[in-house]
Structure formats: C-alpha cells, structure tokens
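In case you want the letters, here they are:
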Amino acid sequence: MTTSTATATGIPAVRPYESYVYAYPHKTAYRPLPERPVLRELWAAERKDALSLYLHIPFCEVRCGFCNLFTRIGAPEELTTRYLDALDRQAVAVRDALGDDGPVRFAAAAFGGGTPTFLTAGELERLCDIAEKRMGADLRAVPLSVETSPSTATADRLAVLADRGATRISIGVQSFVDAEAKAAVRPQRRAEVEGALGRIRNARIPVLNIDLIYGIDGQTERTWLTSLDAALAWRPEELYLYPLYVRPLTGLHRLGAGVTGPEAEALEQAAWDEQRLRLYAVGRDHLLAHGYEQVSMRMFRRADAPQEGPEDYACQTDGMIGLGCGARSYTSALHYSFDYAVDMREIRSIIDSFTATQDFSRAEVGRYVDEEEARRRHLLQSVLQAAGLPVADYRARFGTDPWADFPAELAEFAARGWLDEGAPEGLLRLSPPGLAHSDALGPALFSPGVRAAMAAYERK
C-alpha cells in the first residue's frame, strides 16, 4: 500500500483512491504471448456451460476528460462496417475454438465500450446477430446489459435493444450540473440527459443504471445532492457512484489538473481524498435513506427492484469470452486480449490492425494465472462485494482457508477496521470503512509479480 502519515492508532495511513479494481490481473500486466497459443487448445479442458459474453465497441462521439477506456472519437470511412466485419470473423473463429464436445452456454451478455450505441440501429441489429448467430447466445433468455450515452440513446437504437432482449441499460451521466460536466470535460446539457432518460424509460427495458461521479472540481455536497436527487427522480433500479480519477494520458491529465511540486501536490491530493471520501459518504447515506441497498463501494440497487435473469454466473470462477479489440477473455489458466492503449493515436492503430486481421484463432496478448493468482483473484473479487466471501466456498474451491493463504493482508485489513467483526461466522465481509477504502484494499491484494509487471508497463 502507498502510505502517507500515521493515524492516531499508529497504523500508517493510506490513500483511499489508489486504483479502481474492476478485473485482476489488470491489462497493464498483460504482455505479448510469444507462443501465440491456439484458442481451441486453451478452451479444450475448460467448463463452458456458464460463460459470460462481452462484445466491445471502441467508438464514442466525444472523449470525456477523465476517460482512459479503449475508445476513439468517431469512425470515419465506414470504419464501423469494417469493425463489425472483423468482429464477425472473430466470433466465427472463437465459436469454432469452443468446440462441440460439451455444452456451450452463455449465462450473461454485455455490450460495452466505448459506447455501443454509437452504432446505428441497423448496426446494433448486426451486433446482436453476431452474438446470437455466430456465438450461439440466446440474448432473450439471459441478462443483456448495454452501455449508452445521452447523445446516442435514441429511440430507434433503444427499440432495437429492447426487441433483442436487453434487460439493462447503463447510461453515463456523471453530473446533472452543467458546470460540473464542463469541468470534467464532458460536453452535455442537463436537458439532453433528461431527454435520454425519458427515452430509456419509454423503451421499457427492465433495469436502468445511472453512473454519477464525485470529486469533480467545484463540486460541493449541495451540488452532489442535486445530481443524486435528479437521478432518483427517475427511480433507477441501479446507481453507480464513481470517484473521479485523473489518469495519465487522459484529457484532464493533459490539461494539467493539479499543482506541481511534491509538497503542494501532497497537500492537494490529501484535500481531494478528503473531499471524495466525504462525498462518497454523503452519496451512500442518501441512497440508503431512499431505499437502495449497497452492493459494492460503487454499486447501489433499489431494494424493490426485480431481479432480472439468473444469478448463476460467477465472475470469480466462470469463463469469459470477449470479442472486439478492447475485450478480454478468461480461461482458468490464461487471461488474454489484444494490445492496450490510452493515447488516441495508439488506439487508432490497434483498431486498424484489428479490422485487418483475418486469423483470430490464437491469443495474442495476455497473462497466465497460476493457482496463487487464482486465489488472489477469487478473494479480491469476492471481498470487494458488500455481501462478502463465504469462507466455505473458498475452501471448497481451493482446499485452503483465506486467512491461511493471506495472513498478512487480512491481518492488516482487520487492524485498520476494514473487516466486519460482526459478520456471521464463516463470512469474510468488509465493514463500512472497508467498503469506503475498496480502492486501497483491492490493490493491496495484488501479487508482487503483477505489481512489477504493471510498474514496468510502458504507457501508450
């Protein structure tokens, strides 16, 4: 953990916002695979009866100042057509690699990006056809989540998604306050956002998720509550509250957000951490008071919202099939993808290479996951959920106990008050302060090897 000053208990303080852990190992720990393993061999011994399917669309109309996703602005010269052609070729190759020697079943599907609804309604139809006709996913029978934006959530696109079985639409709003959206380099107006939300509700897609960001320059508790209440007016089934990060090579980073000099930078960082922690607590308490349940540090679900689709998919244990140049796939032994970049020129180059690819039968970039890394991943992805980790599940999978496998890490979390001492016996669960510090706790579970690979990654 990155430390700063000591707390009153003598335990070194940590920065609460080290890194958002949405997958482990992170893609900056991936490297080119010299042997380029054959997908059919990688998947031969894997269980394929509860896979997750992810299709990545790397296009947006604009790029927000905080965004470090793998996406480019616009798609000139029929690039979306060439991209979907390549996605179709990849899907054929991947489905062939999965074989027919056992059941192949998809338990969940998602379209992400970028902004999948950057595609036209006709192109979205084709995207769904690739998932169904090439991969064999029954989109109307499994949960299907799709990301959108205010400017691309048009009635014709939403109609396609509703007809093809979408059960969840996630829209990045970030702030209902126009001045805050501008400060985050997100060109939008509240009227545009409200119009998009109205169209989503009219499409009658069961679950609406709204993303909001706290920690924006100039944001106060009052303006934060303004955005929260504006979102609550739509009674979204889910809300995600994200802390703002200023990451290298993003728009905010290039604009020089922050001050220079180590002492001034440390003071500013501490003040920003304090602001984000305070706004997080305000947002959490406000949503809990309005009938939402906390699922993780970021995710809140309306308590009376219907559960859409089966709950038998587990990201800790089940495989992932990712299609598209920014998607990752998971087998039990290898996580793989294509090259990763944040800089726009590099992204354009990778997309161009993807669209020109004819042979998708091999893995190109990735990281092998041994037993020790699998344990870390399982613990990390379980404990960051508010429900926690049933220790019996961990024992059944690995034959050991998490306290025996990670004594130093768990002892430190307990000393910091991050573990729930009142949790039922056999449940490893975070306390409210632990959930608030998820972005410090998660990175603390990274292995030395993954840390070294991430540190050695050359940003591009």
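Located above this text is the structure these notes cover.
The structure presented is a predicted model; accordingly, all values stated were derived computationally and were not measured.

Enquirer: Would you take a moment to explain the packing of helix H2 (residues 79-98) against helix H10 (residues 344-356) for this structure?
Expert: For any two helices packed against each other, the geometry is given by the interaxial angle and the distance between the axes. For the pair H2 and H10, the least separation of the axes is 8 Å and the interaxial angle reads 55 degrees. Viewed along their axes, H2 and H10 adopt a mutual orientation that is oblique. As for how H2 packs across H10, the hand of that crossing is left-handed. From H2, Leu79, Arg82, Tyr83, Ala86, Leu87, Arg89 and Gln90 reach across to H10, where they touch Ile351, Asp352, Phe354, Thr355 and Ala356.

Enquirer: Teacher, can you tell me more about the pattern of salt bridges here?
Expert: Where charged atoms from two side chains of opposite charge approach closely, those side chains can pair. Under the defined criterion, the tally for this structure stands at 32 salt bridges. Between arginine 416 and glutamate 412 there is a salt bridge, with its nearest N and O atoms 3.0 Å apart. A single network of salt bridges, built from pairs that share partners, joins Glu125, Asp129, Glu132, Lys133, Arg140, Asp163 and Arg164.

Enquirer: Would you mind going over unusual backbone geometry with me for this structure?
Expert: Backbone phi values are negative for most residues with the exception of glycine, while trans is the configuration of most peptide bonds. Cis peptide bonds are those with omega within 30 degrees of zero, and the linkage from tyrosine 24 to proline 25 qualifies with -5 degrees. Looking at where proline 25 falls in the secondary structure, it is placed in the loop between strand S2 (12-14) and strand S3 (31-32). A cis geometry characterises the amide bond from glycine 113 onward to glycine 114, with omega recorded as 15 degrees. Even without a glycine there, the phi angle at arginine 36 is positive, about 40 degrees.

Enquirer: Is there a simple way to explain the environment of arginine 348 in this structure?
Expert: Looking at the element boundaries, arginine 348 is found in helix H10. Overall, arginine 348 belongs to the partly exposed group, its relative accessible area being 33%.

The rules behind each value
- Residues numbered from 1 in each chain as written.
- Predicted model: local features only at pLDDT ≥ 70, side-chain atom pairs only at ≥ 80, totals over all residues.
- Heavy atoms only, no water.
- Axes fitted to C-alpha atoms, helices over the stretch in contact; angles between N-to-C directions.
- Helix = DSSP H or I, 4+ residues; strand = E, 2+ residues; numbered from the N terminus.
- Parallel < 35°, antiparallel > 145°, perpendicular 65-115°, else oblique.
- Left-handed = near helix turned anticlockwise from the far one by under 90°.
- Contact = heavy atoms within 4.5 Å.
- Salt bridge = Lys/Arg side-chain N within 4 Å of Asp/Glu carboxyl O.
- Buried < 20%, exposed > 50% of the residue type's maximum accessible area, 1.4 Å probe, protein only.

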